Amino acid sequence: AQSVTQLGSHVSVSEGALVLLRCNYSSSVPPYLFWYVQYPNQGLQLLLKYTSAATLVKGINGFEAEFKKSETSFHLTKPSAHMSDAAEYFCAVTRISGGYQKVTFGTGTKLQVIP
Amino acid sequence: DVKVTQSSRYLVKRTGEKVFLECVQDMDHENMFWYRQDPGLGLRLIYFSYDVKMKEKGDIPEGYSVSREKKERFSLILESASTNQTSMYLCASSSRTMRDTDDTDTQYFGPGTRLTVL
């Protein structure tokens, strides 16, 4: 069954430092992968998604993620953290279950940005 | 912009009460979903619907039911609320049919309802 593993439930970075949030997936077929962000007291919104068109995917707010099949990874990066990036980030993968395409979410990584 | 709204941001109920959580989307999406979000567990799918009057169980349907009488509205029902149903409930919608497996459905989320059952 398709699933995603997010390494690190909490990550702290200094303002201006590199952001790296890790996600590994397990999938028996080429997956579709997503990163969502949840700001405090809000629902989730899409940051970016991988659909097999290009391995390096650029998203909103300066984030990007690279699909690496050999490592089964889809890590999220941003060169320079801003205070406004403090949020919880979820990696997700599509899966087929009972003939329907569903999305499985990781357990989330809370990003803290230190001034 | 897609807008998904949920009827309440915060709700407090007592054990045994029947609870209705309402979700409305304004973009004519076929698919709608209900998740619960708990710390350390991420989002777990309760039920989803790919069309009016259609519903399918997700990963944790026990203790819940749903209703979709109109395309834009998807209701989650807790028949007899229990304390272990205290959680954040998130509704989402997406635009393509679930049977089209080549699609990469982006889900649009509502702001969530934080339910406390006492």
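Note that the structure is a prediction, hence the values are computed from the model and not measured.

Quick notes on the rules
Every residue gets a number counted from 1 within its own chain, in the order that chain's sequence is written. Chains and ligands are labelled sequentially in the order written, the chains with letters from A and the ligands with numbers from 1. Totals for whole chains, interfaces and linings use every residue, but because this is a predicted model, local features are given only for residues with pLDDT of at least 70 and side-chain atom pairs only at 80 or more, for both listing and counting. Only heavy atoms go into the side-chain values, all of them from the structure, while hydrogens and water stay out. A run of DSSP states H or I qualifies as a helix once it reaches four residues; a run of E qualifies as a strand once it reaches two. Both are numbered from the N-terminal end. When accessible area is computed with a 1.4 Å probe and restricted to protein chains, residues below 20% of their type maximum are described as buried, those above 50% as exposed, and intermediate ones as partly exposed. Across the chain, each position has a pLDDT score giving the predictor's confidence in that residue, from 0 to 100. Contacts are assigned to residue pairs with any non-hydrogen atoms lying within 4.5 Å of each other. Think of it this way: DSSP has to see at least two bridges between two strands before they count as a pair. Orientation is described by lines fitted to C-alpha atoms, with helices fitted over the stretch in contact, and by angles between N-to-C directions that extend from 0 to 180 degrees. Buriedness of a pocket was judged along seven lines, with at least five required to meet protein on both sides within 12 Å; pockets are open sets of points on a 1 Å grid over the protein atoms alone, cavities are sets where a 1.4 Å probe fits but cannot get out, and lining residues have an atom within 4 Å of a point. Grid points are joined across faces, edges and corners, and a volume is the space filled by probe spheres set on the points. Here the term charged refers only to Asp, Glu, Lys and Arg, the term nonpolar to Ala, Val, Leu, Ile, Met, Phe, Trp, Tyr, Cys and Pro, and the term polar to all other amino acids, Gly among them. The definition used for a disulfide is geometric: two cysteine sulfur atoms within 2.5 Å.

## What about unusual backbone geometry?
Residues and elements named next belong to chain A. A positive phi angle is found at Asn 61, which is not glycine, with a value near 60°. Tracing the chain through its elements places Asn 61 in the loop between β6 (56-58) and β7 (64-68). Judged by its relative accessible area of 42%, Asn 61 falls in the partly exposed class. With phi around 45°, Thr 72 is a residue other than glycine that occupies positive phi space. Structurally, Thr 72 can be placed in the loop between β7 and β8 (73-78). Relative accessible area serves as the criterion here: at 32%, Thr 72 is assigned to the partly exposed category.

## Overview of the confidence of the model for chain B
Mean pLDDT over chain B works out to 90, with 90% of the residues at or above the 70 mark. Note on residues 98-103 of chain B: pLDDT under 50 across the span, and 21 contacts to partners over four residues away in sequence or across chains.

## Some details on the sheet that holds β8 of chain A
Residues and elements named next belong to chain A. In spatial order, the strands read β1-β3-β8-β7-β6; together these five strands make up an open sheet with antiparallel pairing. Only two strands of the sheet have a single neighbouring strand rather than two, namely β1 (3-7) and β6. For this sheet, the mean angle separating the axes of adjacent strands, direction not counted, is 20°. Bridge count between strand β3 (residues 19-26) and β8: four bridges; the pairing is antiparallel. Within β8, the residue paired with Asn 24 across the bridge is Ser 73.

## Observations regarding the layout of surface pockets
A volume near 510 Å³ is recorded for the largest pocket. Contributing to the lining of the largest pocket are 23 residues, with Gln 38, Glu 88, Phe 90 and Lys 110 of chain A together with Gln 37 of chain B lying nearest its centre. For the lining of the largest pocket, the secondary structure elements donating two or more residues are β9 (87-97) and β11 (109-114) of chain A together with β4 (31-38) and β9 (87-94) of chain B. The element that contributes the greatest number of residues to the lining of the largest pocket is β9 of chain A, accounting for three residues. Partitioned by chemical class, the residues of the lining of the largest pocket number eight nonpolar, 11 polar and four charged.

## A word on the state of the cysteines
Under the counting rule described, the total for this entry stands at two disulfides over all chains. One disulfide bridge connects Cys 23 of chain A with Cys 91 of chain A, the sulfur atoms lying 1.9 Å from each other. One disulfide, between Cys 23 of chain A and Cys 91 of chain A, carries an S-S torsion of -65° and so falls in the left-handed class. With Cys 23 of chain A in strand β3 and Cys 91 of chain A in strand β9, this residue pair connects regions lying 68 residues apart in the sequence. Taking the relative accessible area as the measure of exposure, Cys 91 of chain A reaches 0% and is therefore buried. Between the sulfur atoms of Cys 23 of chain B and its disulfide mate Cys 91 of chain B the distance is 1.8 Å. Its S-S torsion of about -75° marks the bond between Cys 23 of chain B and Cys 91 of chain B as left-handed, since a negative value means left-handed. Here Cys 23 of chain B, found in strand β3 (residues 19-25), pairs with Cys 91 of chain B, found in strand β9; they are 68 residues apart in sequence, far enough to count as distant. For the pair Cys 23 of chain B and Cys 91 of chain B, a shared accessibility class is recorded, and that class is buried.

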